[in-house]
Structure formats: structure tokens, C-alpha cells
Amino acid sequence: MTSRRSNLFLVLLIVLALCGVGLLAVPGSPYHRGVTKGLDLQGGLEVILRAQPPKGHPLQKSDLDRAVSIMRSRVDKLGVSEPIIREQSPDEIVIQLAGIHDPDQAAAIIGKTAQLELYDLTPALESPSIDVSGNNITVYTNLYKLLSAVQSRATTGGPPSGYVLFKPVKIKTPTVTGTGKKKKTVVKTSTVWVVATNGGPTSTLHRDPTTGNPGLLDTHGGKVPTGWKVLKVPPKTEVITCSAASTTVCPGDTNANGLPPAGKQDYYLFKHGSYPGDRYATDGQYPNMTGNELNLSGVRQDFDTTTGEPIVLLAFKGKGNAAFLQVTKNEAIRGETLGLTSSTSSNQCGAPCAFAIVLDNQIRSWPAISAHDNPGGIDPRGTGAEINGIGSLSEAKQLALVLQTGALPVKFVTVERTDVSATLGKDSLKQAQNAAIGGLIIVALFLLLLYRFLGLVAVIGLAIYASFMYAAILLFGVTLTLPGFAGLILTIGVAADANVVIFERIKEEARAGRSVRAAVSAGYAKGFRTIVDANVVTAITALILFAVASADVKGFALMLLIGTVVSLITAVAATRAMLGLLAGFRWFANPRFMGAHHSQRGAFLQIDFMRRMKLWFALSGIIIVLGAGSLATRGLNLGIDFKGGVQISFATTKPTNISSVRDAAKSVGHADAVVQGRGKSSNNGNDYNSFQVDLKKLNPNAQTNLENAFVNQANARTPSVKNVSSSFGRQIAKAAIIAILFSLLVITLYIAVRFKGISFAIPVIVAMIHDVIITVGVYSLTGREVTENTVAAVLTVLGYSIYDTIIIFDRIRENVPIMRRASFATLVNVSLWETIRRSLATTFITLLPVGALFFFGGATLKDFAFALLVGITSGAYSSIFIAAPMLTLWKQREPEYARRKGETTPEGSRSQPLLAEAEQAASEEPTPETPVDVAERVFGDGAGTGAVDDAAAKLERRRQRRKRPHGRAR
């Protein structure tokens, strides 16, 4: 009665919890909460930034914390709702802005270093950018020529400030000579040296041993490629640029508009560092001032009262006011000394009287001082200073925003950028929802067919699980992403698996002659340890994934972890409480309700597995050799996550021929684009509704042109774009290897502790390695693209690989004290017979939602599901045909089992499992049949005096005698 009351109380608690879920879910409820969708489900921008501290400045945790704070301030000023800005690793920051309308603008603002520097222009310029008089500026539009002119002094006075890698590019220039019949075209070939680094004009040549930042030659094996050149930047100097993208006029440029040609920029060599004795250097330093002297509250966007042009007003603090006054005073005196000012207020001085405002190594403005108006310089405490010549109002607002939030403590570079269109996000959400609903329905039908009334209980438990998962997502504020949806769908199989393990155990207990109530109680008691072990291993995998993976995969890991915990609660609490209440009704006492009214039949399930272990090893060996051969010859089809580059994904308004997409790419100069059709095809596999295009690195303008070409020529809806650096791919590969090794170690330790010995852990390691190798080999054989999500799937396979193994090993551990004189091969065979239905059922149920993911999910989910399908299938195979035989080989070396090695399970044994019959013989109300009779009936005539008699029947006699008081029958 007490047990029934506790079950009733538990059911009431579950009902109350479901009511609470309803309050959270029903719109209009005061407690209603909506699901937070990630940017891949509603569109937006994701940027991963990596810190690059200067040489000699080890990156500190405080640097990243400060950077996160500054970036959050900038995002808040952009008006983005619910942004996600967090540290991903010791040197990376992830920024997710869902629903943003101008991703280019946001990306430009968020990661801008905003290192503001002010130079007294002409004194700060270094030869050859300034002549010997110190007044006339020489403009270089080619960085190679500028640095070539200073190589003779590039190491004088200390180590170089930096290095630049150049590669030669051949340019053919056609020239027409002559007239009439003598007219001909002569093509001249010239070599132009272009910068071969993506990190800006200068970079560190070798990897810095302190910070570990990527060096200039890392991608070239540490060597300068043949025919290329490395030029040095002289000590205590900095390369500063100027172009139409940064200002309206560049210093010293004599073009009609005062700017370099379109698409080009001017290069200058500025002093940067300590220059003691230089009377124009502020405290002996260049630049004369930095953004540290800014009073951020006084920085704002405004308009010039004379011209109406947008400007940015500056204000200074502390020493900044005195420094600005001194710099402007020097400029006024210089202009008057050179006679470059008129007697009027108009300024005729130009560059010698100007100070350069430089933001992130780009000249943004260089206002000149009028000696007539300000003979003693400008005191910023009165009028302040301004940045003019900005160009547009939006640029002025962006510049003011960046300066108001302060400079980032270190430079950041973008290693990955993903732009997801709102239309693609809606499509992905619909596909994920279809996969989740399809998986839930398929699993429910399978449970009903296999377990009848128990299946109905399981389906109700599955509905409770789905409700609790929904509540957990809302209560914990989980941002639901596409990989997270994949984890959610996978946990449907996890939730069903726990019920399968327990229900199979209940049916065994019912077949052994127990009452329904006793069978339920014993089934949960004996199955609980198994499902805890299996779910703990899955949780370990999810935790490791969450610790080392990138932002996308973290969503999958989090959903898998939450789902594992919730499924354990529903299987142990909800379904047990329901069965506990039902067990009290007389109509439920019929074993037919549980499908336990007949014994397990089927000779195909009860073969001598251990005698054929060489065959199993050979089959695995063939598959592994094929995969290894494919890896050696074809390799893996590595996706953009590993190679780096640009990936553009888009859906089309109607079926489009793949050649149309290729032609659109060619029309804007990208004939090397790799175009793939995704999803269903028509017209003999030539027309698709979805495409993926992979290219090498693109600049923003080229990317925009390519997107427009797809929209105008290939029926594309708004494309989604993903930019990844090659260094980010190396980081993913490194993290995957660490995660796999760490998973192997942690899971091995857990198995060794739970099974009290390393002998059970070694086969688990072998089976997991076997499954990973086969999964990777299949990817190579099929040529499917390996992405970041593939790595997550392979790591998940590690957890699922030993799910069935734990079920089998748990039964072996249980049978060891029962079959004390049987050979270990016999013990393993019997354990496999008893658990093979259960292990195959759990595998099949897990494959059902993954199959729904593969057939109903979008392109991203299909790739993820394929790896899971291969890995889980391989895991089921390895549990029976690799792990169990490996355990047998290992244990047969132990002295205790070596003595029994010759005793094997007879061929042609019939199909009644031994343990169920043995438990029936040892039950409180034993049947007239003796254990010897049971063994002979199970294993054939004459078996009672053989191995099975020794291993089971005699042991059962002892157990029966222990249960009878004083040796008499009850």
C-alpha cells in the first residue's frame, strides 16, 4: 500500500509539473515564455574573432574580458536584441546577432580595434615618405617599393618592427603601335609584387613563442615559397595607409581628387616608438597622442557649422589636453617659420601644419592649424578637436560609436563569419521541426508494435519527456540552433532506449514466473544500473563536446546533455510510477499485456558467437582496410570548416540547373567556384532547389557581386555566407583530436571503476576506436563532405558506441557469480542470447529518429545524421562482434578462466535463455522441474552432466538450498 501511495504521489507531481509546462507554453499566460531561436533559424550574423596581441605582450584573461565588455557596448548601441557575446577559448570571442539587418556594418564595427593615434604629421613621417627638408611628402602607392627603399636600414637600431610577405604577379599590358596596315598590338609582361598575407600590411614572420599567434609563414611550412620575397619594416616604424575608404583627401597625393586610384591605397612610413631628443615627439614618443587620452563622454558625432558636413568631435582628459595644445602650437610655429600662412584666417599651410588622426593604421583625417587664428595652438578644453572629411553621416556615426566605447585592448582578426538570411533560417526551422515530429511519431509506433500495452506506457512517457524538454529549454533560456535541434531529435532515441532496457528486463522477470508487480519492481531494480551507466557515458561525451567544441556544436552538446538527464528522470520516475499503479489492477496481471506470455524464440539469435570470433574480426578488418585504402588514395572531402574560404548557401525560387549557378559565378570572375546541388534533384540530377558554393577567400566587394549574380542569374533567394580562415580549421581538427582522446580516457576510467577492472575497459576502447575508424573510412569511400558537424557526430558516436556494450557487459557481470564453473566463452554466449533483443531494439530505436533527421532534415542536418547512422550501426555491430569477443580473449588469459577454456557452448542449442529458467527454478515457489532438467531441456539431452550442468544446474541447487529454511522445502 505504501508503494502504491508513493507511485500515486509521484504521478500527481508529474501532472502538476505538466500544468506548469502549460503555463509556460500557452500564449497569454503571465508565465508564458517563447523559445529563443538562434541566428541559423531566424537569420543574422555570427562572427568568431581571435585575439592577436602585439609581440612581447602575452594575452591576459583581463584583455578578453575587457574586449567582451567593449563589444557588448557597441552591439547595444546598434540596437540588436538578445545578442550573444562570449569567450569561446582563451583567445577567441564568439558574437551572435540574430535578426540583424546590416551584417556588414555590424561586423565592421564590432571587431574594429579602434586604436586611435594622433601624429604631428610631417615630423612623424620617416624617410622615404618625407624629403630631407622635412616638409614635402612622397607618396607610395605600392608597399613593395616603399619597403624596398628602406631595407638597407631595416635592422639598424633594433629588431624589425614587422615583416611583409610578397608574391610576384605577372601582368600583361597590350600596347597598340603603328597605324593602318602597320598597326599591331604588342603585349608587354611586367611583374607586380603584391602582399601575400591576409592579416594586414605587416605581420610577424615566425610564430611568437610567448603568445602562440599564427606567423606569416605558418601556412607555407615555415619557409618562403620559391620566387616570393620577405621585406622588413624598419625598427620603431609603422606602415600607415590612406585611401578613399578612410578619408576624402590623402596627405601628399597630387591626383585631381587628392586620393589614390580606385581600389588602391597610399602607403606611408611613420615613426612609432621611443625617439628621445626629438623635440616634436611628445615625451620622446610617437605617436604624439593615443585614444587613452580621450574623454569618451565628450566624443560625439556632429556637423560642421560652416559646411554642414558630418564630423566627429573629440575631447581629451588629463595630460591629453596639454599634449594636444603643445602639438598644435608646434604646428602653428612651424607654419609661421616656413612662411606658409597668410595674413588672413584662411589656412594656407597644409601638411607641415597638420596633425594626422589615425584609426587602426588608417589616416582618417589630417586637419591643419592656422597660425593666424591660433598662433599659440589650440587648447581643447575650450573648443575641443574634430575629425572632418569623413564622407557620409553613417560613417561619422560609426566612427563616433567606435571611439565612444573605447579601444579594444588587443587586435582581433575574424577567423569565421557566417551570414544567414532570414528566408534560409525559416526553411531550416521548418525542416528541423518536420524531422523532430517525424522521429517522435516513428519511435512511438515502434514502441506500440513491439511492447503493446507497455509500449503505450512508453509513448505516454515519451510525451511527458517532450513536455519536460520544452520546459527545460524555456527555463534555462537555451538558444535553439540547428545543431541543437539535431541533439533534441537524437535525445528522442535516448528517452526511448531507457524504457526498452527496463521493459525487456520486466518481460524476463515475468517469463521467469514472477507476478506482474514483482516483475515491474525487479525489472526496474536490475535495469536501473544499466541505464545509469549508459546515460552517464552519453553525458560524459556531451560534456566533453561542450567543453572543446565551437559555438554551433555547443548547442548540440547542451541539448544532448539536457535530454539525457530528462530522459533518465522520465524513464525512472514517470513510467515506473504509471506501471506501479497499473500493477495493482487484476486485468494488468495478464502477461499478454506486456508481450511476455511466450518465450523468446528464434535460432538466428542464438548462435555460438565466440566460436566465430575470427569471422567477425575478418569482416571488420575488410571494412577497415577498404576505408584505409580510400583514405590513402582519395583522402577526406574536407569542408570549408577545415580548409578555410567562403561558402555561400542559398535556396532558389524554382528548380534551377546547376550550370546556371556555375555561369553566374563565372560572370563575376569566379570560374574556380565549386558548385554543389543540395537536396532533391530533377531533370536527371541537374536541377535543384538548394545550392552550396565553395570558393577561396573573397574581399567584401567581390562577395557582394557574387551574391547579386546568384540572385539575378540563378533565381537565388537571399544567400547565406560563411567565411572561415584556414587557421580556424586547424583549431577545429586539433580540438576534435583532443576531445576524442579525452573521451577515450574518461570513458575508460568510468568503465574500469563501474566494472571493477581494466579487463572490461580494454574491449570498450578497441570497440570505440573501431567505430571511429569505420565512420571516417565510410566518409572517405562515399566522398561526403567532412564539416564541423561531422566531428560532433563522430564524438557522439563514441558515447553511443558503448551503449549496447554496457548492456551486454552488465549482463556478463551479472552472470559471472551464477555460472561459476562455465568457460568464459559460454558465459558470454549466454549473456549475448539474453540481451541481443534488447541491444538491437535500443539501436534500432536510436536509428529511427536519426533516420527521420536524415530524410526530413535539411542539408546541414542530413550531413550530421549520416555520420550518426554510420556510427550507431557500427557501434551495435562492435558491441556484439568486437567488444564481447575481445573481452573473452582477455579474460581467458586469467588463470581462473584458462582452466575452463575447453568448455564451450554446444552447437545447436535451443532457444530458451538459461538465466530465466534458472531464476524460475530458484524462485520462492519452485516448479517440480529440477535445475538439471531445466539445463537438459535448454541445452539438449546429456547436457546435464556436461558444462552447463556444472555451470548452472549445480549452482542453482545451492541457491535453492540457501532459500529453504533448514534445508526443507517450503
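So, how was this worked out
- Residues numbered from 1 in each chain as written.
- Predicted model: local features only at pLDDT ≥ 70, side-chain atom pairs only at ≥ 80, totals over all residues.
- Heavy atoms only, no water.
- Helix = DSSP H or I, 4+ residues; strand = E, 2+ residues; numbered from the N terminus.
- Contact = heavy atoms within 4.5 Å.
- Areas by Shrake-Rupley, 256 points an atom, 1.4 Å probe, with all protein chains shown as cover.
- Axes fitted to C-alpha atoms, helices over the stretch in contact; angles between N-to-C directions.
- Parallel < 35°, antiparallel > 145°, perpendicular 65-115°, else oblique.
- Left-handed = near helix turned anticlockwise from the far one by under 90°.
- Nonpolar A, V, L, I, M, F, W, Y, C, P; charged D, E, K, R; others polar.
- Core = buried A, V, L, I, M, F, W, Y, C linked by side-chain atoms within 4.5 Å.
- Buried < 20%, exposed > 50% of the residue type's maximum accessible area, 1.4 Å probe, protein only.
- pLDDT = per-residue confidence, 0-100.
- Salt bridge = Lys/Arg side-chain N within 4 Å of Asp/Glu carboxyl O.
- Expected span 1.5 Å × (residues − 1).
- Pairing = 2+ DSSP bridges.
- Phe/Tyr/Trp six-rings, centres within 6.5 Å; stacked < 30°, edge-to-face > 60°.
- Disulfide = S-S within 2.5 Å.

## Quick notes on the overall build of the protein
Then, number 1: Within the protein, the secondary structure is distributed over 26 helices and 26 strands.
Then, number 2: Within the protein, contacts between residues at least 6 apart in sequence are counted, and of these 76% link residues at least 24 apart.
Then, number 3: Carbon and sulfur atoms provide 57% of the accessible area of the protein, an area that totals close to 42,400 Å².

## Section: the packing of helix 13 (residues 613-633) against helix 18 (residues 758-782)
Then, number 1: It is at 8 Å that the axes of helix 13 and helix 18 come closest, and there the two elements cross at 50°. By the criterion of interaxial angle, the relationship of helix 13 to helix 18 is oblique. Here helix 13 runs over helix 18; the crossing is left-handed. Contacts between helix 13 and helix 18 involve Ser620, Ile623, Ile624, Leu626, Gly627, Ser630 and Leu631 on the former and, on the latter, His770, Ile773, Ile774, Val776, Gly777, Ser780 and Leu781.
Then, number 2: Split by residue class, the contact of helix 13 with helix 18 holds eight nonpolar, six polar and no charged.

## Points about the nonpolar core
Then, number 1: Ranked by size, the top nonpolar core spans 129 residues in total, and within it Leu447, Phe503, Phe609, Ile751, Phe809 and Ile812 carry the most contacts.
Then, number 2: For this core, the element with the most residues is helix 9 (residues 422-475), which contributes 21 residues.
Then, number 3: By size, the runner-up hydrophobic cluster in this structure holds 29 residues, among which are Met289, Val299, Val312 and Leu399.

## Remarks on the confidence of the model for the protein
Then, number 1: The predicted model of the protein averages 76 in pLDDT, with 81% of residues at 70 or higher.
Then, number 2: When pLDDT is averaged over each element of the protein, strand 10 (residues 266-271) comes out on top at 94 and helix 25 (residues 931-939) at the bottom at 37.
Then, number 3: Here residues 600-604 is modelled with pLDDT under 50, and outside its nearest four sequence neighbours on either side it reaches six contacts, counting other chains as well.
Then, number 4: The model gives residues 903-970 a pLDDT under 50, and that stretch makes 116 contacts with residues more than four places away or in other chains.

## Here's the deal with the pattern of salt bridges
Then, number 1: Tallying each qualifying case throughout the model produces ten salt bridges.
Then, number 2: For glutamate 814, the salt bridge is made with arginine 505, and the minimal N-O distance between the two is 2.5 Å. Residue glutamate 814 is found in helix 20 (residues 803-815), and its partner arginine 505 is found in helix 10 (residues 482-511); the two are separated by 309 residues along the sequence. In this pair, the class of glutamate 814 matches that of arginine 505, namely buried.
Then, number 3: A salt bridge links lysine 891 to glutamate 894; the nearest nitrogen and oxygen atoms lie 3.2 Å apart.
Then, number 4: We classify lysine 891 as buried; its relative accessible area is 11%.

## A few points about helix 13
Then, number 1: Between the first and last C-alpha of helix 13 there are 30 Å, a value that for 21 residues agrees with the 30 Å anticipated at 1.5 Å per step.
Then, number 2: Just downstream of helix 13, glycine 635 is the residue with a positive phi angle, here 75°.

## A look at the sheet that holds strand 14 (residues 300-303)
Then, number 1: Read from one edge of the open sheet, three strands run 14-15-18, paired in antiparallel fashion. Every other strand in the sheet has two partners, leaving strand 14 and strand 18 (385-387) as the edge strands with one partner each. Along the sheet, successive strands turn relative to each other by an average axial angle of 45°, direction set aside.
Then, number 2: Where strand 15 (residues 310-314) meets strand 18, three bridges bridge the pair, whose relative direction is antiparallel. Residue pairing for strand 18: valine 312 is matched across the bridge by isoleucine 387.

## Focus: unusual backbone geometry
Then, number 1: For the peptide bond that leads from serine 127 to proline 128, omega is 15°, which places it in the cis range.
Then, number 2: With respect to the element layout, proline 128 can be found in the loop between helix 5 (121-124) and helix 6 (143-148).
Then, number 3: Cis geometry marks the peptide bond from tyrosine 286 to proline 287, where omega comes out at 0°.
Then, number 4: Mapping proline 287 onto the fold places it in the loop between strand 12 (285-286) and strand 13 (289-290).
Then, number 5: Residues other than glycine seldom take positive phi values, yet lysine 236 does so here, at roughly 55°.
Then, number 6: Within the secondary structure, lysine 236 is located in the loop between strand 8 (229-233) and strand 9 (237-242).
Then, number 7: Owing to a relative accessible area of 36%, lysine 236 belongs among the partly exposed residues under this scheme.

## A word on the packing of aromatic side chains
Then, number 1: Here the structure, examined in full by the defined rule, presents 18 aromatic pairs.
Then, number 2: Note on tyrosine 275 and tyrosine 286: the rings are 5.7 Å apart at their centroids and 75° apart in plane angle, and the pair reads as edge-to-face. Of this pair, tyrosine 275 sits in the loop between strand 11 (273-274) and strand 12 while tyrosine 286 sits in strand 12, and the two are eleven residues apart along the sequence. Here the two residues tyrosine 275 and tyrosine 286 agree in accessibility, since each one is buried.
Then, number 3: Ring centres of phenylalanine 316 and phenylalanine 324 lie 5.0 Å apart, and the angle between their planes is 25°; this geometry places the pair in the stacked category. Accessibility classification places phenylalanine 316 together with phenylalanine 324 in one group, the buried group.
Then, number 4: An aromatic cluster is present here, built from Phe609, Trp616, Tyr877 and Phe881 joined pairwise through their rings.

## Considerations on the sheet that holds strand 6 (residues 162-177)
Then, number 1: In space, the three strands of this open sheet follow the order 7-6-8, with antiparallel pairing throughout. Edge positions in the sheet fall to strand 7 (184-195) and strand 8, since each has one partner strand and no second. The mean inter-strand angle of the sheet, taken between neighbouring strand axes irrespective of direction, is 35°.

## Thoughts on the pairing of strand 25 (residues 720-724)
Then, number 1: Most of strand 25 is tucked away, with five of its five residues classed as buried.
Then, number 2: Burial of strand 25 is two-sided: the residues Ser720, Lys722 and Val724 facing one way and the residues Val721 and Asn723 facing the other way are all buried.
Then, number 3: Pairing of strand 22 (residues 645-657) with strand 25 involves five bridges; the strand directions are antiparallel. Bridged to glutamine 647 within strand 25 is lysine 722.

## Some remarks on helix 7 (residues 319-337)
Then, number 1: In this model helix 7 runs 27 Å from its N-terminal to its C-terminal C-alpha over 19 residues, within 8% of the 27 Å that 1.5 Å per residue would give.
Then, number 2: The inward-facing, buried residues of helix 7 contact strand 5 (116-120), helix 5, strand 13, strand 16 (355-359) and strand 18.
Then, number 3: Where helix 7 terminates, the next one or two residues include glycine 339, which has phi positive at roughly 65°.

## Describing the packing of helix 18 against helix 20
Then, number 1: Here helix 18 crosses helix 20 at 155°, and the two axes come no closer than 12 Å. In terms of their interaxial angle, helix 18 and helix 20 are classed as roughly antiparallel. Here helix 18 runs over helix 20; the crossing is right-handed. Of helix 20, the residues touching helix 18 (which contributes Phe760, Pro763 and Val764) are Thr805, Phe809 and Ile812.
Then, number 2: The residue inventory of the contact of helix 18 with helix 20, partitioned by class, reads five nonpolar, one polar and no charged.

## Remarks on the pairing of strand 4 (residues 92-98)
Then, number 1: Across the seven residues of strand 4, seven count as buried, placing the element largely inside the fold.
Then, number 2: Going residue by residue along strand 4, you find Glu92, Val94, Gln96 and Ala98 tucked away on one face and Ile93, Ile95 and Leu97 tucked away on the opposite face as well.
Then, number 3: Two elements, strand 3 (residues 84-89) and strand 4, share five bridges in a ladder whose sense is antiparallel. Opposite arginine 86, over in strand 4, you have valine 94 as the bridge partner.
Then, number 4: A loop of two residues connects strand 3 with strand 4, the two strands running antiparallel in sequence.

## Focus: the environment of aspartate 379
Then, number 1: Along the polypeptide, aspartate 379 turns up in the loop between strand 17 (362-365) and strand 18.
Then, number 2: Along the sequence, aspartate 379 and alanine 323 sit 56 residues apart, while their C-alpha atoms lie 9.5 Å from each other.

## Describing the state of the cysteines
Then, number 1: Following the criterion strictly, the structure yields one disulfide and no others.
Then, number 2: Across the disulfide from cysteine 242 sits cysteine 250; the S-S distance is 2.1 Å. Here cysteine 242 and cysteine 250 share a disulfide; its torsion about the S-S bond, -90°, makes the bridge left-handed.

## Describing the environment of alanine 472
Then, number 1: Mapped onto the elements of the fold, alanine 472 is located in helix 9.
Then, number 2: Residues contacting alanine 472, with those up to four places away along its chain left out, are Val478 and Ile562.

## So, the side chain of histidine 670
Then, number 1: For histidine 670, the position within the fold is in the loop between helix 15 (658-667) and strand 23 (674-682).
Then, number 2: With residues near it in sequence (within four places) discarded, histidine 670 still touches Ala665, Leu695, Leu698, Ala702 and Leu706.

## Examining the side chain of glutamate 707
Then, number 1: Mapped onto the elements, glutamate 707 comes out in helix 16 (residues 700-713).
Then, number 2: For glutamate 707, a relative accessible area of 18% puts it in the buried group.
Then, number 3: Not counting chain neighbours up to four residues away, the residues in contact with glutamate 707 comprise Pro719 and Val721.

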